[in-house]
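This is what each chain is made of:
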Amino acid sequence: MRAVVLTTYGGPDRLTVHEVPEPARPEPDGVLVRTAAAAVNPVDLQTRAGLHAGHSAVRPPMVLGWDVAGTVTAVGAEVTGFAVGDPVVAMSAQMATGRGTYAETVALPADIVAPAPASVAPSAAAGLPLAGLTAWQALDVLALPAGASLLVTGAAGAVGGLAVQLARLRGLTVVAQVRSARDTDEVLALGADRVVHDVPASGTGVDGLLETAGLPGAIGAVRENGSAVSIVPTRLPVAERGIRVDVSHVEQDGARLAALGALVDRGELRLRTAEEFGFEEAPEAHRLLAAGGVRGKLLLLP
């Protein structure tokens, strides 16, 4: 099968399409998925550059990618929840599992797989797993009650945009921080109650902070004894004024991913696709994401 392989750590030019062995069969508790699309995420760029080499057993040459949408082509003997032909999505924590998704077929444990939302194109569904689970799990860490106020930084981004929508579904009042005025209408359409461009002065007094953009100073917008959670562990806010500060690391979770897909199908969660690329164009997709300003997911199609 064809796969996008990282030959050595370095720039986008280190990504090349190779013929690699296709998984012959799934594990007893796993499935094989024929890829419709794999999403490009910041963690892929970091892995490509070698930034996670110190805490990952996986080394080049390797296949990158955490997100996948596709169709089940085989099921293990112990699997009862899926059948051949089922459209599915999954998030594979590639640094830990060694199972990257930039490939025509991916072998995955069934418990990290979920039914794909039927209301969106199969390729678009690939933008849900990592960003959706990251946003949901970070909101769980915050555990704000309905009626509380939340500042979401980077609200126009992939995680931030889903966090805005999920926070509103939890009954939170959402203040969305964006860097560009051109994003104002977009995040309001996603459900934000108010949009700010500068923090902390423009958003003072919120009950909680969900920090997705590497802006640790945004903690200044949180009231005394409030709470903050960051998904950027290298730039954590410093605790002050009795504010609880946590970091949220995304975890594989097929059941929660299924719940996210159901929200998409009910029209309560909107997915955004920016651009689609072929496997051979993976270096271009990496360069585009690294340049910043992407709104919606970049997808790789076999």
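Before any of the text, the structure's been laid out above.
Given the structure is predicted, the values throughout are model-derived calculations rather than measurements.

Visitor: Describe the sheet that holds strand β11 (residues 194–196), naming the residues involved and giving the relevant values.
Guide: Read across the sheet, six strands follow the order β11-β10-β9-β12-β13-β14 without closing on themselves; strand pairing throughout is parallel. If you trace the sheet from one side to the other, it starts and ends with β11 and β14 (244–247), each paired once. The average undirected angle you get between the axes of adjacent strands in this sheet is 20°. Summarising the sheet, strand β9 (residues 149–152) and strand β10 (residues 173–177) pair through four bridges and their orientation is parallel. Considered in β10, the bridge of Val-152 is made with Ala-176.

Visitor: Can you tell me about the side chain of Asp-183, naming the residues and giving the values?
Guide: Relative to the helices and strands, Asp-183 resides in the loop between β10 and α5 (184–189). You can call Asp-183 buried: its relative accessible area is 3%. There is a polar contact of 2.9 Å between the side chain of Asp-183 and the side chain of Arg-295. Each residue touching Asp-183, except ones within four places of it in the same chain, is listed here: Ala-156, Val-178 and Arg-295.

Visitor: I'd like a rundown of unusual backbone geometry, residues and numbers included.
Guide: Excluding glycine, most residues fall at negative phi; most peptide bonds, likewise, are trans. Note the cis peptide between Pro-60 and Pro-61, where omega equals 0°. Along the chain, the position of Pro-61 falls in the loop between α1 (42–48) and β4 (62–63). The backbone of Arg-241 sits at a positive phi, close to 50°, despite the residue not being glycine. Mapping Arg-241 onto the fold places it in the loop between β13 (222–230) and β14.

Visitor: Residue-level account of helix α4 (residues 158–169), with values.
Guide: Between its terminal C-alpha atoms α4 stretches 17 Å, which fits the 16 Å expected from twelve residues at 1.5 Å a residue. Burial analysis of α4 places nine of its twelve residues in the buried class, the great majority of the element. Within the span of α4, buried status applies to Val-159, Gly-160, Gly-161, Leu-162, Ala-163, Val-164, Gln-165, Leu-166 and Ala-167. Once α4 ends, the next one or two residues include Gly-171, with phi positive near 85°.

Visitor: Run through the pairing of β10, naming residues and quoting values.
Guide: With four of five residues buried, β10 lies mostly within the body of the structure. Tracing the backbone out of β9, into α4 and back to the parallel element β10 gives a crossover that is right-handed. Pairing between β10 and β11: three bridges, direction parallel. Opposite Ala-176, over in β11, you have Val-195 as the bridge partner.

Visitor: Pulling in residues and values, what's your account of the side chain of Gln-177?
Guide: Looking at the secondary structure, you find Gln-177 in strand β10. Separated by 3.0 Å, the side chain of Gln-177 and the backbone nitrogen of Gly-154 make a polar contact. Those residues in contact with Gln-177 that sit more than four places away from it in its chain are Leu-151, Val-152, Thr-153, Gly-154, Ala-155, Val-196, His-197, Val-199 and Leu-215.

Visitor: Explain the nonpolar core to me, using residue names and the numbers behind them.
Guide: A general feature of soluble globular proteins is that nonpolar side chains tend to end up buried together. Among the nonpolar cores identified, the biggest contains 51 residues, and Leu-150, Val-152, Val-164, Leu-166, Leu-210, Leu-260 and Leu-269 are the most heavily contacted of them. Counting only elements with at least two residues in this core, the list comes to β3 (30–40), β6 (87–91), α3 (129–142), β9, α4, β10 and α6 (254–265). Ignoring sequence-local partners within four residues, the contact set of Leu-269 consists of Leu-128, Leu-162, Gln-165, Leu-166, Leu-260, Leu-263 and Val-264.

Visitor: Which residues make up the sheet that holds strand β1 (residues 2–6), and what values go with them?
Guide: Here three strands make up an open sheet; going across it, the order is β2-β1-β4 and the pairing antiparallel. Strands with a single pairing partner mark the edges of an open sheet, and in this sheet they are β2 (15–19) and β4. Note that β1 and β2 share five bridges and pair antiparallel. Looking at the pairing, Arg-2 lines up with Glu-19 of β2.

Definitions and limits used
Residues numbered from 1 in each chain as written. Predicted model: local features only at pLDDT ≥ 70, side-chain atom pairs only at ≥ 80, totals over all residues. Heavy atoms only, no water. Pairing = 2+ DSSP bridges. Helix = DSSP H or I, 4+ residues; strand = E, 2+ residues; numbered from the N terminus. Axes fitted to C-alpha atoms, helices over the stretch in contact; angles between N-to-C directions. Buried < 20%, exposed > 50% of the residue type's maximum accessible area, 1.4 Å probe, protein only. Polar contact = N/O pair within 3.5 Å; in protein donor to acceptor, adjacent residues only side chain to side chain. Contact = heavy atoms within 4.5 Å. Expected span 1.5 Å × (residues − 1). Right-handed = clockwise from strand over helix to strand, strands pointing away. Core = buried A, V, L, I, M, F, W, Y, C linked by side-chain atoms within 4.5 Å.

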